[in-house]
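# A look at the structure
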Amino acid sequence: MSSKEHKVDEPWQGFHGPNLGVAIELYEEYSSNPEAVDEDLRELFDVWGPPPASVDEQGSKRAASPVFSAASPDMIRKCVNAVKLADMIRRKGHLASDVNPITKDKKNSQLLELSRYDLTEEDLKEVPVDLLCSDAPAHVKDGLAAIQYLREVYTKTIAFEFNQVQDMDERQWLIKMVESGMYLPNLSKQQQVNLLKRLTQVEGFEKFIHRTFVGQKRFSIEGLDVLVPMLDEAVRGVVHEGTEHVLIGMAHRGRLSVLTHTLGKPYKKVFSEFLHAPNKDLVPSEGSSGINEGWTGDVKYHLGADRQIREENTAEATVTLANNPSHLEFVSPIVEGYARAAQEDRSAKGFPQQDVSKAYSILIHGDAAFPGQGVVTETLNLSRLTGYQTGGSLHIIANNNIGFTTETHDSRSTTYASDPAKGFEIPILHVNADDPEACMAAIHLAIQYRKRFKKDFLIDLVGYRRFGHNEMDEPAVTQPGLYEIIRKHPTVREIYAKQLATAGVVEETYGDQLDRETQEYLQSQYDEVAANKSNKVLELVPPDFVVNGLPKVKTSVPLETLKEINQQLLDWPEDFSANEKLEKILKRRLSAFEENSKVDWGLAETLAFATILHDGTPIRLTGQDSERGTFAHRHLVLHDRTNDSVFTPLQSFEKANASFAVHNSPLSEMAVVGFEYGYNVQAPETLVLWEAQFGDFANGAQVMFDQWISAGRAKWGQKSGLVVLLPHGYEGQGPEHSSGRVERFLVLAAENNWTIANCTSAAQYFHILRRQAKILEKDAVRPLIIMTPKSLLRNQMVASTHDAFTEGEFQPVLEQEGMGQEADKVERIILCSGKVAIDIADKIQKSKDQDWSWLHIARVEELYPFPKRPIRSMFARYSNLKEIVWVQEEPKNMGAWPFIESRIREITPEGATVSYIGRTHRSSPAEGDPIAHKKEQERIVTESLTRKQ
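Below: a short report on this structure. (Residues numbered from 1 in each chain as written. Predicted model: local features only at pLDDT ≥ 70, side-chain atom pairs only at ≥ 80, totals over all residues. Heavy atoms only, no water.)

## Here's the deal with the overall build of the protein chain
The test is simple: Put simply, DSSP marks the helices as runs of H or I at least four residues long and the strands as runs of E at least two long, and each gets a number from the N terminus on. Throughout, exposure labels follow a simple rule: accessible area from a 1.4 Å probe, protein chains only, divided by the maximum for the residue type, with under 20% read as buried, over 50% as exposed, and the rest as partly exposed. By the convention used here, residues are in contact when the closest approach between their heavy atoms is within 4.5 Å. We score Asp and Glu as negative and Lys and Arg as positive, and we do not count His or the chain ends. In plain terms, the charge of a residue is placed at NZ if it is Lys, CZ if Arg, CG if Asp and CD if Glu.
Scanning the protein chain from terminus to terminus reveals 33 helices and 27 strands. By its C-alpha atoms, the protein chain is 110 × 75 × 55 Å across when sized along the principal axes. Evaluated residue by residue, the protein chain yields a buried proportion of 58% over its 949 residues. Here the contacts in the protein chain between residues at least 6 apart in sequence split such that 79% fall between residues at least 24 apart. One way to put it: in the protein chain the 107 positive side-chain charges average out to a point 5 Å from where the 135 negative ones average out.

Dropping the structure here:
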């Protein structure tokens, strides 16, 4: 096809003389009353605006077209109607396209019939080509041929939806690429043969498994086999352009074929897993490196892998398939986080420097899950946000037109599975999975679009599912008619082999010969594995570096360093004018290190970040209001009151040696938490923190915590040092603004999988953040969950003295100063955690005259791993101990008590009892009335401090 250059700025090209005059008159009618013109013209004017004046772009008068020099009103009508038809083909041609390999009879071709536009073939022959399709190839000589050409372009095995793209440069570029044929790859005979070979490998692998491992789940790719060569082409295309990381996320459908072919996971490895004798000693081949496994492992169709690519005269690249459990689309934001991390240079102060060409994310979706799971829309919403964009992702819907047993009419309210993407102005291609070369063309266009516009692109790969959901199902039970058609339908390999044979590219017997050779090779690989099958039972135990806990690290900082950094953070540019009230508050920090002064929570956090940056560790902090802080304690990003410019001291202070990024996130938990987890996994040297607006909002990301953050290390060996900040504390603000749901994190706690803390001093927070930063790249690294304060942010009882920062370290247990001094008199020990400890301390401080010798109080600052040794050691100091009381503000079935009770009882001295003081069992986390809350809080504190008679 011709690729000649044409200007495709407007549909009005070719309108001259009277024809142009009529168009202008119609626009004038539209301007005064849009309803005065028909809907199609109205849409045309909405998009394109007014017709141009009769002066060309160079300012010279256009010569009147001979055709229109004396155009009659009838001719003008024909031209306008022909333009409408051409536009309708572009906008609605997909509805009449041949993109479904199974249900070929469901076309809406009547939309494009000439009679609907009061046109005949003879009418169209009189219309100039350029008026309808300025990028048509040279053989298109008149309007009829132009319309026929547009029908061919827009209604064959690849269909296009661009109308939702509002940027006119983008839309016109897309139209030009399609109508000129520039997006079509000109495959050589050898490339066609290679494509057939790849399809044969994919089909052969699936057939071999189906025959050899009867009844075992594999979630086969059959019906969408072309997905593998599409991925091959995408990887090849971007790596050739210099991309260093290709990051893929997908669910289980077709995953084994992608692992073995695109990622190069050895067939032997897969066969050993089907034999239930996974051999971890098998060496990866074909460039694959790192088959991801933890100590408990996961089923074979959830595992990920990495593959190194080395091409002549090109830099190395890594292809990664992310681990993904059966939660389908939830891997999408994680992969986006991988990509953003791989694109950024965090070595210097300021914001990280992003180069989107360094990494490319490919997300493979299910047709039922794409519109069905909200995390998809959340992830799409990230695609153009400053803190989350990755320069354009490729989305492929692996569309087999069924979800388990549910058909499309029961699974979505949209015409296409891809329709949610329209709201984000993403170009969409629908392509028939039985046409491999059309699928290659779709990939080619997607790569070129991303290169030019740095935005997302979606390919709806329409195929079918040859077997049931998991090969153990009989699909004819629920879709008998559909599966009668599918069982008779030839595979894409058969179709393409026949096509190449007909075209004379290969011999007629070549396809069958390839198939036999593939089966013979697979059989040889299987025989080798079966002959050497390992019967060794794998030990499901974590490695020593996990069992042994965190290493000792120094987190204290010299006083002079803290003073110097504090001064630098308050040294703002001379021309910067912060909010006057805020400036006074922040400038008070200058006196924080004077004698007898203390450091509050907000300053402790800022100093922790600053010293971490000074040590050369990059930081990324996100959350719905994290720049300011939900409770207005942070103010990391300052806004000039005169011109709205911003200044971030942590990005520019002199002693910074790494990047600092802080972003207010969208109103999303699931996608954002997944993104930050992915970022952290890909950039393990970076301290990545996500903060919930209120702690219990973390339950909007529960799948991420359940499937990845808590268990990713055990299942896949995937390390993470993500920090999660969850505001927690009962302030009388109601059920949704009290609890960070610490019980949910504790119930997932095992095998040292993460640290859960509830700090009650600024210095404790300072040290635990610095400890986390120092263990990031160590084998023992793990996520850190912190219940952070709200009202305590400004409570002086939480502020810490200077020596707590310069000499101290994080303490899993804090014994309250001044209590438990006379060991032989202590009868009760209160164990507590978080804000209630401050409430108790405040009550004692206000009752100094009372005799508290019978009482000792300890705050459990690290709930998990439970600090058994220091607590048992403390118990041992008090020989007359009678009772241990756990005090909490949460209901009895929530908070730490359900987790901690058995652990306390295990170490309680003989003769002492264990009891609970707090709220009773509740279905709701807190009272809704502040007066009721205050009364209940007072009862808990008073009861805990009342001595038994």
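## Structural notes on the sheet that holds strand E24 (residues 855–860)
Heads up, the rule is: At least two bridges found by DSSP between two strands are what make those strands a pair. To get an axis, fit a line to the C-alpha atoms, keeping to the stretch in contact for a helix; angles then go from 0 to 180 degrees between the N-to-C directions.
Reading across the sheet, the 5 strands line up as E22-E24-E23-E26-E27 and stay open at both edges, with mixed pairing between neighbours. A strand with exactly one partner marks an edge of an open sheet, and here the two such strands are strand E22 (813–815) and strand E27 (913–919). Across the sheet, the mean angle from the axis of one strand to that of its neighbour is 25°, orientation sign disregarded. Pairing of strand E26 (residues 883–891) with E27, which is carried by 6 bridges, proceeds in the parallel orientation. What sits directly across from Val885, in E27, is Ser915. Running over the sheet, helix H33 (residues 930–944) touches strand E23 (828–832), E26 and E27 and is turned about 160° from E27.

## Looking at the environment of His245
Within the element layout of this structure, His245 appears in strand E2 (residues 245–250). With 95 residues separating them along the chain, His245 and Leu150 place their C-alpha atoms 38 Å apart. The contacts of His245, once residues within four sequence positions are left out, are Thr318, Ala342, Lys358, Ala359, Tyr360 and Gln682.

## Here we look at the pattern of salt bridges
Heads up, the condition is: Think of a salt bridge as a Lys or Arg side-chain nitrogen and an Asp or Glu carboxyl oxygen that are within 4 Å of each other.
Overall, the coordinates contain 50 salt bridges when judged by the stated rule. Residue Arg634 is joined to Glu605 by a salt bridge in which the shortest nitrogen-to-oxygen separation is 2.7 Å. Of this pair, Arg634 sits in the loop between strand E14 (619–623) and strand E15 (638–639) while Glu605 sits in helix H23 (residues 601–614), and the two are 29 residues apart along the sequence. Accessibility expressed as a relative area gives 1% for Glu605, which makes it buried. A salt bridge links Glu827 to Arg947; the shortest N-O distance between them is 3.3 Å. Linking Glu827 in the loop between E22 and E23 with Arg947 in the segment after H33, this pair joins segments that are 120 residues apart in sequence. What makes Glu827 partly exposed here is its relative accessible area of 22%.

## Focus on the environment of Thr788
Counting through the fold element by element, Thr788 comes out in strand E21 (residues 784–788). Judged by relative accessible area, which is 6%, Thr788 ranks as buried. The sequence separation of Thr788 and Leu776 amounts to 12 residues, and the corresponding C-alpha distance is 21 Å. What Thr788 contacts, discounting residues up to four positions off in sequence, is Trp601, Leu725, Leu726, Pro727 and His728.

## A short note on the packing of aromatic side chains
Spelled out, the test is: Pairing of aromatic rings covers Phe, Tyr and Trp, the last counted by its six-membered ring, and requires centre-to-centre distances within 6.5 Å; plane angles under 30 degrees mean stacked, over 60 mean edge-to-face, and any other angle means tilted.
For the structure shown, the criterion picks out 30 aromatic pairs. Between Tyr388 and Phe675, the ring centres sit 5.0 Å apart and the planes meet at 75°, which makes this aromatic pair edge-to-face. With a gap of 287 residues between them, Tyr388 in the loop between helix H14 (374–382) and strand E9 (394–399) and Phe675 in helix H24 (residues 670–682) connect regions that are remote in the sequence. Assigned by exposure class, Tyr388 and Phe675 land together as buried. Look at Phe631 and Phe694: their rings are 5.5 Å apart centre to centre, the planes differ by 85°, and that puts the pair in the edge-to-face class. With Phe631 in the loop between E14 and E15 and Phe694 in the loop between strand E18 (687–691) and helix H25 (702–709), this pair connects stretches of sequence that are 63 residues apart. Using a relative accessible area of 16% as the deciding quantity, one classes Phe694 as buried. Taken together, the aromatic side chains of Phe205, Phe208, Phe213, Tyr267, Phe271, Phe274, Tyr521 and Tyr526 make up a single cluster linked through ring pairs.

## A few points about the sheet that holds strand E17 (residues 660–664)
Backbone hydrogen bonds hold the strands of a sheet together, and the pairing may be parallel or antiparallel. Ordered by their spatial adjacency, 7 strands build an open sheet running E17-E14-E18-E19-E21-E20-E25, and the pairing between neighbours is mixed. At either end of the open sheet lies a strand with only one pairing partner, and these are E17 and strand E25 (862–864). Each neighbouring strand pair of the sheet contributes to a mean axis angle of 20°, computed without reference to strand direction. Of the pairings in the sheet, the one linking strand E19 (residues 723–727) to E21 comprises 5 bridges and is parallel in character. The residue bridging Val723 from the neighbouring strand is Leu784, located in E21.

## A few points about the packing of helix H11 (residues 267–274) against helix H19 (residues 510–531)
Rules: In this scheme, roughly parallel covers angles under 35 degrees and roughly antiparallel covers those over 145, while 65 to 115 is roughly perpendicular and the rest are oblique. By the definition used in this description, the sense in which the near helix is turned from the far one sets the handedness, with an anticlockwise turn below a right angle giving left-handed and a clockwise turn giving right-handed. Each residue receives one of three labels: charged for Asp, Glu, Lys and Arg, nonpolar for Ala, Val, Leu, Ile, Met, Phe, Trp, Tyr, Cys and Pro, and polar for the others, Gly being one of them.
Close contact between H11 and H19 brings their axes to 9 Å; oriented N to C, the two are set at 55°. When the axis of H11 is compared with that of H19, the two are oblique. The handedness of the crossing between H11 and H19 comes out as right-handed. The segment H11 lies against H19, with Tyr267, Lys268, Phe271 and Ser272 engaging Tyr521, Leu522, Gln525, Tyr526, Glu528 and Val529. For the contact of H11 with H19, the class distribution of residues is 6 nonpolar, 2 polar and 2 charged.

## Focus on unusual backbone geometry
Going from Tyr864 to Pro865, the amide bond is cis rather than trans, its omega being -5°. Turning to its location among the elements, Pro865 is positioned in the loop between E25 and helix H31 (868–876). A positive phi angle, close to 60°, is found at Phe404, a residue other than glycine. Within the chain, Glu425 stands out as a residue other than glycine whose phi angle is a positive 60°. Overall, the relative accessible area of 28% leaves Glu425 in the partly exposed class.

## Looking at the packing of helix H7 (residues 168–180) against helix H16 (residues 436–453)
At their nearest, the axes of H7 and H16 sit 12 Å apart, and the two run at 150° to each other. Accordingly, the angle class assigned to the pair H7 and H16 is roughly antiparallel. Considering only the axes of H7 and H16, their crossing is right-handed. For the pair H7 and H16, contact is made by Asp169, Glu170, Trp173, Leu174, Met177 and Val178 and by Leu445, Gln448, Tyr449, Arg452 and Phe453, respectively.

## Things to note about H33
Let me state the cut-off plainly: Helix span, as expected, comes to 1.5 Å for every residue beyond the first. Contacts described as polar in this section are N or O atom pairs within 3.5 Å, which, within protein, must combine one atom able to donate a hydrogen with one able to accept it, while residues neighboring in sequence count only if both atoms come from side chains.
With 15 residues, H33 ought to run about 21 Å at 1.5 Å a step, and its terminal C-alpha atoms sit 21 Å apart, in line with that. Buried positions along H33 lie against E23, helix H30 (835–845), E26 and E27. The residue sitting at the N-terminus of H33 and contributing the capping side-chain oxygen is Asp929; that oxygen lies 3.0 Å from the backbone nitrogen of Ile931.

## Notes on the side chain of Asn324
For Asn324, the location among the structural elements is in the loop between strand E5 (317–321) and helix H12 (332–343). Owing to a relative accessible area of 1%, Asn324 belongs among the buried residues under this scheme. Here Met250 takes part through its backbone oxygen, which lies 3.0 Å from a polar atom of the side chain of Asn324. In terms of polar contacts, Asn324 uses its side chain to reach the backbone carbonyl oxygen of Leu328, at 2.9 Å.

## Digging into the pairing of E17
Regular strands place their side chains on alternate faces of the sheet. With 4 of its 5 residues buried, E17 lies for the most part within the structure. The sheet contact formed by E14 and E17 spans 5 bridges and is parallel. Paired with Arg620 across the bridge in E17 is Ala661.

## Things to note about H19
If you check H19, its first and last C-alpha atoms are 32 Å apart, about what 22 residues at 1.5 Å a residue would give, namely 32 Å. Among the residues of H19, Tyr510, Gly511, Leu514, Asp515, Thr518, Gln519, Leu522, Gln525, Tyr526 and Val529 are the ones counted as buried. For H19, the secondary structure elements touched by its buried residues are helix H8 (189–212), H11 and helix H18 (492–502).

## Some words on the pairing of strand E13 (residues 457–462)
Of all 6 residues making up E13, 6 are buried, and the element is well covered by its neighbours. Here E13 shows a buried face lined by Phe457, Ile459 and Leu461 and a second buried face lined by Leu458, Asp460 and Val462. Examined bridge by bridge, E9 and E13 share 6 bridges and lie parallel to one another. Within the sheet, the bridge partner assigned to His395 lies in E13 and is Leu458. For strand E12 (residues 428–432) and E13, the ladder comprises 5 bridges, and the chain directions are parallel.

## Describing the side chain of Thr606
Structurally, Thr606 can be placed in helix H23. Apart from residues no more than four positions distant in its own chain, Thr606 is found in contact with Leu569, Arg589, Leu636 and Leu650.

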